[in-house]
Amino acid sequence: MDKQDIKNLKKRYLVWFYKTTKEALDKIERKFTQLEIDKFIMKELKAKDKDKRAQKQIAEFQAYILSKEMDGVGLKYEGKQMKPEYYFLELKLKAIEKVILKEFGKKGLEQIKALYEKEMTERILKSTEH
């Protein structure tokens, strides 16, 4: 194997390692980022539904938001402390990013992050095509 083959193997491994770790973290974190958006939408729905025709659907959406919030808190925290599993994922992602920087520089890290975002966005778009 020549140097380029070895470099390619390292890069593919780091792409996979970054993706799987970031995906695990995102699964938890997205609940919190979605909550910000959901709460804004809820406020808008309540303000726009002056004649209360969508009251049932709004109540269902509110229950969905509460459930998501409880689920997110349960995945990330144990009481007031961050769960060790979540904390480990954060540490692991930082370590992976540091290795990527060491091996491939800032451009390499930016490229891998961009690939991840592209993949996640494509998954969303493909899942709604059906």
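Below is a summary of the structure that appears in this document. (Residues numbered from 1 in each chain as written. Predicted model: local features only at pLDDT ≥ 70, side-chain atom pairs only at ≥ 80, totals over all residues. Heavy atoms only, no water.)

**Describing the packing of aromatic side chains**
Put simply, the test is: Stacked, edge-to-face and tilted are the three classes for Phe, Tyr and Trp ring pairs, Trp counted by its six-membered ring, which pair at centre distances within 6.5 Å; planes under 30 degrees apart are stacked, over 60 edge-to-face, the rest tilted. Put simply, DSSP H or I for four residues or longer makes a helix, DSSP E for two residues or longer makes a strand, and each gets a number counted from the N terminus. Each residue is placed in one exposure class: buried if its accessible area under a 1.4 Å probe, protein chains only, is under 20% of its type's maximum, exposed if it is over 50%, and partly exposed if it falls in between.
Under the criterion given, the structure shown has five aromatic pairs. Ring plane angle 85° and centroid distance 5.8 Å describe the contact between Tyr18 and Tyr116, whose orientation is recorded as edge-to-face. Here the residue Tyr18 occupies a position in helix α1 (residues 3–48), and Tyr116 occupies one in helix α3 (residues 84–127), the gap between them amounting to 98 residues. Under the relative-accessibility criterion, Tyr116 is labelled buried at 3%.

**A few points about α3**
Counted only if it meets this: Take the residue count of a helix, subtract one, and multiply by 1.5 Å to get its expected span. Bend angle per residue: angle between axes fitted to the 7 residues ending at that residue and the 7 residues starting there. Residue contacts are counted whenever heavy atoms from the two residues lie within 4.5 Å of one another.
If you check α3, its first and last C-alpha atoms are just 32 Å apart, much less than what 44 residues at 1.5 Å a residue would give, namely 64 Å. The largest bend along α3 reaches roughly 125° and is located at Phe104. Listed as buried for α3 are Tyr86, Leu89, Leu93, Ile96, Glu97, Ile100, Phe104, Gly108, Leu109, Ile112, Tyr116 and Met120. Buried residues belonging to α3 abut α1, α2 (55–76) and β2 (81–82).

**Considerations on the layout of surface pockets**
Unoccupied space between atoms shows up once a probe the size of one water molecule is rolled over them. Note the threshold: Put simply, the grid is 1 Å and covers the protein atoms alone, a cavity is a trapped set of points that fit a 1.4 Å probe, a pocket is an open set with protein on both sides within 12 Å along at least five of seven lines, and lining residues have an atom within 4 Å of a point. Grid points are joined across faces, edges and corners, and a volume is the space filled by probe spheres set on the points. For this classification, the nonpolar set comprises Ala, Val, Leu, Ile, Met, Phe, Trp, Tyr, Cys and Pro, the charged set comprises Asp, Glu, Lys and Arg, and every other residue, Gly included, is treated as polar.
Here the largest pocket is characterised by a volume of approximately 230 Å³. Contributions of two or more residues to the lining of the largest pocket are made by α1 and α3. Its residues assigned to classes, the lining of the largest pocket comprises three nonpolar, one polar and six charged.

**Describing the packing of α1 against α3**
To keep things clear, this is the line we draw: To define axes, lines are fitted to C-alpha atoms, for helices over the stretch in contact only, and angles between the resulting N-to-C directions are given on a 0 to 180 degree scale. Here the angle decides the label: under 35 degrees means roughly parallel, over 145 means roughly antiparallel, 65 to 115 means roughly perpendicular, and every other value means oblique.
Two elements in contact, α1 and α3, have axes whose closest approach is 7 Å; the angle formed by their N-to-C orientations is 85°. By the criterion of interaxial angle, the relationship of α1 to α3 is roughly perpendicular. Of the residues in the contact of α1 with α3, the class split is 17 nonpolar, two polar and 14 charged.

**Details of the pattern of salt bridges**
Between side chains of opposite charge, a pair can form when the charged atoms approach closely. The line we're drawing: The salt bridge definition used is simple: a Lys or Arg side-chain nitrogen within 4 Å of an Asp or Glu carboxyl oxygen.
Enumeration according to the criterion identifies 14 salt bridges in this entry. Across the pair Glu103 and Lys102 runs a salt bridge whose closest N-O atoms are separated by 3.2 Å. The class of Glu103 is partly exposed, set by a relative accessible area of 27%. In this structure, the salt-bridge partner of Glu122 is Lys118, at a minimum N-O distance of 3.1 Å. Taken together, the positions of Glu122 and Lys118, both in helix α3 and four residues apart, correspond to about one turn of that helix. Linked through salt bridges whose partners overlap, the residues forming this network are Lys19, Glu23, Glu119 and Arg123.

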